[in-house]
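Structural features, examined
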Amino acid sequence: MVQDHVQTDEFQLSQEFLAEMLAVQRPTISEVAAEMRREELITYTYGRVRVINRAAPEKAACECYAVTRAHFDRLRG
């Protein structure tokens, strides 16, 4: 969703901020980010995320992503 809004493959996003947004503990974010790096979906260093393969996590996401994206698209007009 962040990539949708910033419209670039690379952006700043700290693990602490992401944990707060998702209401999880920071170690959970570290584990997920590490897994996404192993699967070559993202690179992540010092608060900078670069999306390498957007299609895979988008495909794995629940229907919530599509619903939320459609909502934001309607708001943008």
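In short, a report on the structure.

Calculation criteria
- Residues numbered from 1 in each chain as written.
- Predicted model: local features only at pLDDT ≥ 70, side-chain atom pairs only at ≥ 80, totals over all residues.
- Heavy atoms only, no water.
- Pairing = 2+ DSSP bridges.
- Helix = DSSP H or I, 4+ residues; strand = E, 2+ residues; numbered from the N terminus.
- Axes fitted to C-alpha atoms, helices over the stretch in contact; angles between N-to-C directions.
- 1 Å grid on protein atoms, 1.4 Å probe; cavity = no way out; pocket = protein on both sides within 12 Å on 5 of 7 lines; lining within 4 Å.
- Points joined across faces, edges and corners; volume = space filled by probe spheres on them.
- Nonpolar A, V, L, I, M, F, W, Y, C, P; charged D, E, K, R; others polar.
- Buried < 20%, exposed > 50% of the residue type's maximum accessible area, 1.4 Å probe, protein only.

This paragraph deals with the sheet that holds strand β3 (residues 48-51). Strands pair in a sheet through their backbones, by hydrogen bonds, and they do so in one of two ways: parallel or antiparallel. Strands sit in the order β1-β3-β2 across an open sheet of three strands; the sheet is antiparallel. Whereas interior strands pair on both sides, the edge strands pair on one side only; in this sheet they are β1 (10-12) and β2 (42-45). Strand-to-strand twist in this sheet, taken as the mean axis angle between neighbours without regard to direction, amounts to 15 degrees.

This brings us to the layout of surface pockets. In this structure, the largest pocket encloses a volume near 1,000 Å³. If you trace the largest pocket, you find 29 residues lining it, with Met 1, Leu 18, Leu 22, Met 36 and Pro 57 closest to the centre. Contributions of two or more residues to the lining of the largest pocket are made by α1 (2-6), α2 (15-22), α3 (26-38), β2, β3, α4 (55-60) and α5 (63-76). The biggest single contributor to the lining of the largest pocket is α3, with five residues. Of the residues in the lining of the largest pocket, the class split is 23 nonpolar, two polar and four charged.

Glancing now at unusual backbone geometry. Excluding glycine, residues mostly have negative phi values, and the peptide bonds linking residues are mostly trans. Although it is not a glycine, Glu 40 adopts a positive phi angle of roughly 60 degrees. By secondary structure assignment, the location of Glu 40 is in the loop between α3 and β2.

Before going further, it helps to examine the pairing of β2. For a regular strand, side-chain orientation follows a simple rule: the groups alternate between the two sheet faces. The two faces of β2 differ: Ile 42 and Tyr 44 on one face are buried, but Thr 43 and Thr 45 on the other face are not. Here β2 pairs with β3 via four bridges, running antiparallel. In the sheet register, Thr 45 faces β3, and the bridge partner there is Arg 48.

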